[in-house]
Amino acid sequence: MGFKEEFKREMRNVQNDVAKEVEKYWAIDFKGHKIEIINEMLEEVVKVDGQIIAQHVRKSIWSHIIPFSTLKGIFQSSDGKTHKVVVKIGGFMKLNVTVKVDGKQLLQDSMTIQFLPWSNKDCIVPSIEQQFHQHHHLVSKDLPDDDFLYDEHHLKLAPGFSDQLHSEQVSPFYTKKLVKLFLEQAANPNDRTRKVTYEKIKDEKVISYFHEFLEMFSEADKDESRVKEEAIWLLEHAAHREVVKFALLVLGTGKCEEQKERLKIIALHEEFTGVALFALTNGTANSNEAVWHIAKNVEGWGKLEALNFLDASREEIRQWVLLEGLKDTVPGNASALICADKGKLDIELHEPAISGKIFEGAGTIILALLYEGSYQTMDDYEYAGQALMRYTYHAKTHCQSLRQFYILTQIHEYLQVDEETWEERFSANWKPHEKRAVEDNIGEIAENPVWLKQAMETLQNSEENDDYALPAAQFYGADITNILFEKINNDPLNYKYYMSLFALNDAQIIGELIEITNSFGDFNDLTDEQKMVVLILVEELDNYDGAGLEFLEKCLQTSDAQLQYITMQTLFEYNKMHWQGTEIELLAQRYAKESKDKDVKELAKQLLA
């Protein structure tokens, strides 16, 4: 989010807080008539028996620079007598209201406007607890402060994901100040000290100072009982998620056995799983059963956190990690490595014989380790060579489905790297005999023609899922070109078929695939699926110098900055003679001078240099 958008969001939040704070209501009785006075951010209203008799509407919040409003109105009683109502309402630091009817004062009230950051809002932990006690699980992962963090222009992140994205650390001065403020709050708890600490906490992510805070806080002189009391106060009153996390962090610095059941409930919400488990494991005794229960009842980033905290030394838990640990977690991250390590995958696979369930669970973990994501991969697993050697050995007994054979094709593909990479592997987590054994085991299993037969039958049946059949057919080097084109004709937006054809490294095939995009119409109006196909074609063209120039020109002509940028990246791989003097060069010159996207502008200049 840019500064401008961030400023708008902050102003919106401030305005909403002020509106809630000044929203007040009074009701009085006058000879059987109900007189109501309603004060809101942009309006003051007087009603008698439900009918508006006076109203003052403000055009903006800045009109409060004139702090008082006087509202006058009349109403008629049942005996026909007319009564005059005068209401004076407003103030600077206090909201004062005076109500007179026929000159007689019926109400005079005054209240301080404090603008406490937790007031007039739904508190997070009580809302989670209420939901749990009502349904015995969390039916919704929405939080009361979602509107504070997001608006209609920004996608809401999966619970716990924002902490995974965060990399910036706060300065030590921030953490030192926060420790000081919280200890002042604990020593003298009141609205003033709590407000100062609360405001300091809510606008920085706890993950950015987690470890520094623990270190500084452990060295500070403090009253443990008062610290716990104020941490619990924050936990019960927090209307912002970072304040909840801070309270949990503080609870975890001491003993909090009496809060154990509450921590177990909070940990079921993935936004708080990690820090709640920190408090649970540090502050309570015999917590591992609770951690295991939570691991079985959360998903996504929460499950990753739970796996980190889980002690799997007990056999029942270790078996669960092997068989269920990856279920409902986030693919392409460290969870596969955690499951391999804590489940003792290498030891399990070294048994002379294993069950079908263990083979299936091991395959799921191995496939996840092979995932080429931005987190852990097979090369990070200490026992990669041993595990794959033993897995492929057991596959000779247990490989019974196309999915299981598909895992073997992915292991085979993992082996196909240059000698330099293998030298690194041999010095880290592989031995030459393990590599040879894996190759021999896969080769022996592949001698059975049933796998190629199943793959071809699946591909020829358009109604079946072919995610496993495509790699199997490619493993055998089967010619499936015609089948793939037929599938693209039936499903032109399924990019996996395009990717399979790329593997043939055939310029004529690339040309035929580009022609298919003519049916997409104007590239300025591409659907998300059409854009994905166009992007992968543009990226693939960098292997074919001079090919598809009309297609690339069409991509450059769009107003889509991403498509412009990727297209120019491909053109960098071309000999300039192919596009100099053409419309492509003119477009690049225009973007180098006029593009509003800084990255596109800079890349266009580099392309023309």
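Residues numbered from 1 in each chain as written. Predicted model: local features only at pLDDT ≥ 70, side-chain atom pairs only at ≥ 80, totals over all residues. Heavy atoms only, no water.

1. Brief notes about the overall build of the chain
Each helix and strand counted, the chain has 31 helices and eight strands in total. Computed over its C-alpha atoms, the radius of gyration of the chain comes to 33 Å, more than 25% above the 25 Å expected for a compact globule of 609 residues. The dimensions of the chain, computed from C-alpha atoms along their principal axes, are 100 × 70 × 50 Å. Classification of the 609 residues of the chain by burial places 47% in the buried group. A sequence separation of at least 24 residues applies to 60% of the contacts in the chain between residues at least 6 apart. Here the chain has roughly 31,700 Å² of accessible surface; of this, 49% comes from carbon and sulfur atoms. Each charge class in the chain can be summarised by its mean position, and for the 66 positive and 102 negative side chains these summaries are 11 Å apart. (Helix = DSSP H or I, 4+ residues; strand = E, 2+ residues; numbered from the N terminus. Rg over C-alpha atoms; globule rule 2.2 N^0.38 Å. Buried < 20%, exposed > 50% of the residue type's maximum accessible area, 1.4 Å probe, protein only. Contact = heavy atoms within 4.5 Å. Areas by Shrake-Rupley, 256 points an atom, 1.4 Å probe, with all protein chains shown as cover. Lys, Arg positive; Asp, Glu negative; His and termini not counted. Charge placed at Lys NZ, Arg CZ, Asp CG, Glu CD.)

2. Brief notes about the pattern of salt bridges
Summed over all chains, the structure comprises 32 salt bridges. Close ionic contact of Lys156 with Asp142 constitutes a salt bridge, the shortest N to O distance being 2.5 Å. Linking Lys156 in the loop between helix H3 (146-149) and helix H4 (161-165) with Asp142 in the loop between helix H2 (124-135) and H3, this pair joins segments that are 14 residues apart in sequence. Of the charged contacts in the structure, one is a salt bridge between Lys228 and Glu258, with a shortest N-O distance of 3.3 Å. Of this pair, Lys228 sits in helix H8 (residues 224-237) while Glu258 sits in the loop between helix H9 (241-251) and helix H10 (260-266); the two residues are 30 residues apart in sequence, bridging distant segments of the chain. Salt bridges here are not isolated pairs; linked through shared partners, they connect Asp142, Asp145, Asp146, Lys156, Asp163, Lys205, Arg241, Glu242, Lys245 and Glu271. (Salt bridge = Lys/Arg side-chain N within 4 Å of Asp/Glu carboxyl O.)

3. Examining a nonpolar patch on the surface
Among the surface-exposed residues, Tyr495, Met499 and Met532 lie close enough to one another that they form a single nonpolar patch of about 290 Å² accessible area. Assignment of secondary structure puts Met532 in helix H27 (residues 528-540). We classify Met532 as partly exposed; its relative accessible area is 38%. (Patch = residues over 30% accessible without salt bridge, like charges linked within 9 Å, V, L, I, M, F, W, Y side chains within 5 Å.)

4. A short note on the confidence of the model for the chain
For the chain, per-residue confidence averages 90 on the pLDDT scale, and residues scoring 70 or more make up 92% of the total. Helix H18 (residues 384-398) holds the highest mean pLDDT among the elements of the chain, 98, whereas helix H1 (residues 3-22) holds the lowest, 57. (pLDDT = per-residue confidence, 0-100.)

5. Side note on the environment of Ser225
For Ser225, the location among the structural elements is in helix H8. Measuring from C-alpha to C-alpha, the distance between Ser225 and Gln51 comes to 54 Å, with 174 residues separating the pair along the chain.

6. Here we look at the environment of Met111
Within the element layout of this structure, Met111 appears in strand E8 (residues 104-112). Residues Met111 and Leu95, spaced 16 residues apart in sequence, show a C-alpha to C-alpha distance of 5.3 Å. When sequence neighbours within four positions are dropped, the list of residues in contact with Met111 reads Lys24, Trp26, Lys94 and Leu95.

7. What about the pairing of strand E3 (residues 43-48)?
Examined bridge by bridge, strand E2 (residues 33-40) and E3 share six bridges and lie antiparallel to one another. What sits directly across from Glu36, in E3, is Lys47. Taking the residues that link successive antiparallel strands as the turn, the E2-E3 hairpin has two residues. Alignment of E3 against strand E4 (residues 51-57), held across six bridges, turns out to be antiparallel. In the strand pairing of E4, Glu43 is matched with Val57. Between the antiparallel neighbours E3 and E4 lie two residues, among them Asp49 with a positive phi of about 55°. (Pairing = 2+ DSSP bridges.)

8. Considering the side chain of Glu44
Within the secondary structure, Glu44 is located in strand E3. Within the structure, Glu44 has its side chain in polar contact with the side chain of Ser69 (distance 3.0 Å). Ignoring any residue separated from it by four or fewer positions in sequence, one finds Glu44 in contact with Ile38, Asn39, Ala54, Gln55, His56, Arg58, Ser69, Leu71 and Ile89. (Polar contact = N/O pair within 3.5 Å; in protein donor to acceptor, adjacent residues only side chain to side chain.)

9. Some points on the packing of helix H25 (residues 495-502) against H27
At a minimum axis distance of 10 Å, the contact between H25 and H27 shows a crossing angle of 15°. Looking at the two axes, H25 sits roughly parallel to H27. The handedness of the crossing between H25 and H27 comes out as right-handed. Counted together, Tyr495, Tyr498, Met499 and Phe502 of H25 and Met532, Val533, Ile536, Leu537 and Glu540 of H27 form the full contact between these two elements. Of the residues belonging to the contact of H25 with H27, the class tally is eight nonpolar, no polar and one charged. (Axes fitted to C-alpha atoms, helices over the stretch in contact; angles between N-to-C directions. Parallel < 35°, antiparallel > 145°, perpendicular 65-115°, else oblique. Left-handed = near helix turned anticlockwise from the far one by under 90°. Nonpolar A, V, L, I, M, F, W, Y, C, P; charged D, E, K, R; others polar.)

10. Topic: a negative patch on the surface
On the surface, a cluster of negative charge is made up of Asp418, Glu419, Glu420, Glu423 and Glu424. Within the fold, Glu420 resides in helix H20 (residues 419-428). Its relative accessible area of 58% is what places Glu420 among the exposed residues.

11. Quick notes on the nonpolar core
Counting 160 residues, the largest nonpolar core has Phe246, Leu345, Ile411, Leu513 and Phe551 as its most contacted members. Setting aside its immediate chain neighbours within four residues, Phe551 contacts Ile514, Thr517, Phe523, Val534, Leu537, Val538 and Leu541. Core analysis: the second largest hydrophobic core is formed by 18 residues, Val85, Val87, Val97 and Leu107 among them. (Core = buried A, V, L, I, M, F, W, Y, C linked by side-chain atoms within 4.5 Å.)

12. Focus: the sheet that holds E4
Taken in spatial order, the four strands make up an open sheet running E1-E2-E3-E4, and their pairing is antiparallel. Bordering the open sheet on either side are strand E1 (24-30) and E4, each of which pairs with just one other strand. The sheet shows a mean angle of 10° between the axes of neighbouring strands, direction not considered.

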